[in-house]
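Descriptive analysis of the structure
Each chain, written out:
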Amino acid sequence: MQKNSPAAAPNKAQSESPDLSRYAWISIAAAISTILLKTLAYLLVGSVSLLSDALESVVNLVAALIALFALKLAAKPANSRYTFGRSKVEYFSAAVEGSMILVAALLIIISAINRIMHPAALSNFEVGLTISGLSALINGGVGLYLVRVGKKQQSPTLHADGKHLLTDFWTTAGVILGVFLICLTKINIFDPVLAIFVAINITWTGHKLLHSSLAGLMDVTLPDKENQLVIDTLNSFRQSHISFHGLRTRKAGHISYINVDVLVPGDWTVRRGHDFCVEVETALHEKIPHAQVALHLEAIEDPKSYDDIPVGYVPLDGKDQLYPQTPAESD
């Protein structure tokens, strides 16, 4: 029996993590510009909802700085201490960002309650709302770009940062609409009430970021769509004398890990088993980019090959070989 054959080891190009930190600088620049614009809008108008919007941009800046650190660290190659690399640091970054969103929501609510207790009139609506609108366009454009890059590069950090900026865009849009209504109706109580709704909205975003990042830290399996690609690829190699079982998958940042037992006739030579594993691994890499594949070669007719099926494996469409079978004559 051959355990974790050389065929299963990914090459250098497949195991390296790309340096995505340049995208974090875009987020940092957007955060700084929107902080300045939103603070100016708040000083002109005096709206607590505009202040809450500016506070969220401060969170954006801190989150972008954390993202920069995480992406730089994730890009470092594996070494003797971190033999699997450091790609999981991206989940820590996303978790911190989610936590900071919740802190921002709390600060917004405190500011809104203070304004309810101490009402104040608003002024300079036109200039203030124009400045806020410009900041919203910056966040919306950068957010869409980072979400697209995050999906393409399979980066939880960039995806979370982009989602956060898009949330900020909709928050600002809502604030602009609310302040405009206040301008028309002269009912200033709408201002702190709107700020509280903003806080509730971003709380949901923070919750989702925390949930997804913690799932990644706990080695959640690949998404159903990717698992199905793995299953379909393995089943395309299945024959009467070749099978697979014990499939397990997990995600660590942009890297997908795939472990599976390969069952072949016991009289195959090491060379033949190795060549077959290379073929399977190549097919999996074509379907799942940045995958690290570990194949465990076993004899299909040996009962001991079925003693190591792990708890919680991904079922191969109900075709897992749970008990020995007599293979057909190998060619």
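One can find the structure itself at the top, above this paragraph.
Computed from a prediction, not measured in an experiment: that's the story for all the values here. (Residues numbered from 1 in each chain as written. Predicted model: local features only at pLDDT ≥ 70, side-chain atom pairs only at ≥ 80, totals over all residues. Heavy atoms only, no water.)

Counting its regular elements, the protein contains nine helices and three strands. By residue count, 50% of the 331 residues in the protein fall in the buried class. A sequence separation of at least 24 residues applies to 78% of the contacts in the protein between residues at least 6 apart. As displayed, the protein offers around 15900 Å² of accessible surface, 65% of which is attributable to carbon and sulfur atoms. (Helix = DSSP H or I, 4+ residues; strand = E, 2+ residues; numbered from the N terminus. Buried < 20%, exposed > 50% of the residue type's maximum accessible area, 1.4 Å probe, protein only. Contact = heavy atoms within 4.5 Å. Areas by Shrake-Rupley, 256 points an atom, 1.4 Å probe, with all protein chains shown as cover.)

Below, the discussion takes up helix α8 (residues 224-235). Note on helix geometry: an α-helix contains 3.6 residues per turn, so any two residues three or four positions apart are oriented the same way. An ideal rise of 1.5 Å per residue puts 16 Å on 12 residues; α8 measures up with 16 Å between its terminal C-alpha atoms. Residues of α8 that are buried: Glu-226, Asn-227, Val-230, Ile-231, Thr-233, Leu-234 and Asn-235. Tucked inside the fold, the buried residues of α8 contact β1 (243-252), β2 (255-264) and α9 (270-287). (Expected span 1.5 Å × (residues − 1).)

A cluster of nonpolar side chains, Ile-116, Ile-187, Ile-189, Phe-190, Val-193, Phe-197 and Ile-200, forms an exposed patch at the surface whose accessible area comes to about 610 Å². Within the fold, Ile-189 resides in the loop between α6 (156-185) and α7 (190-217). The class for Ile-189 is partly exposed, based on a relative accessible area of 40%. (Patch = residues over 30% accessible without salt bridge, like charges linked within 9 Å, V, L, I, M, F, W, Y side chains within 5 Å. Salt bridge = Lys/Arg side-chain N within 4 Å of Asp/Glu carboxyl O.)

Moving on: the sheet that holds β1. Strand order in the open sheet formed by three strands is β1-β2-β3, with mixed pairing between adjacent strands. The open sheet terminates on both sides in strands that have one partner only, identified here as β1 and β3 (291-299). Taken over all neighbouring pairs, the strand axes of this sheet differ in orientation by 10° on average, direction set aside. Pairing of β2 with β3, which is carried by nine bridges, proceeds in the parallel orientation. Bridge pairing in β3 places Asn-259 opposite Ala-294. Lying on the sheet, α8 is in contact with β1 and β2; it crosses β1 at an angle near 150°. The sheet strands contacting α9 are β1, β2 and β3, and the helix crosses β3 at an angle near 150°. (Pairing = 2+ DSSP bridges. Axes fitted to C-alpha atoms, helices over the stretch in contact; angles between N-to-C directions.)

This part covers the environment of Thr-282. In this fold, Thr-282 is placed in helix α9. In the structure, Thr-282 is positioned 11 residues away from Val-293 in sequence and 9.5 Å away in space, judged by C-alpha atoms.

Here Arg-86 shows up in the loop between α3 (48-74) and α4 (89-117). Separated by 3.2 Å, the side chain of Arg-86 and the backbone oxygen of Pro-77 make a polar contact. With sequence-adjacent residues up to four places away left out, Arg-86 is seen in contact with Leu-73, Ala-74, Lys-76, Pro-77 and Asn-79. (Polar contact = N/O pair within 3.5 Å; in protein donor to acceptor, adjacent residues only side chain to side chain.)

We now examine unusual backbone geometry. In the Ramachandran plot, Asp-219 falls in the positive-phi region, its phi being about 60° despite a non-glycine side chain. Among the structural elements, Asp-219 can be located in the loop between α7 and α8.

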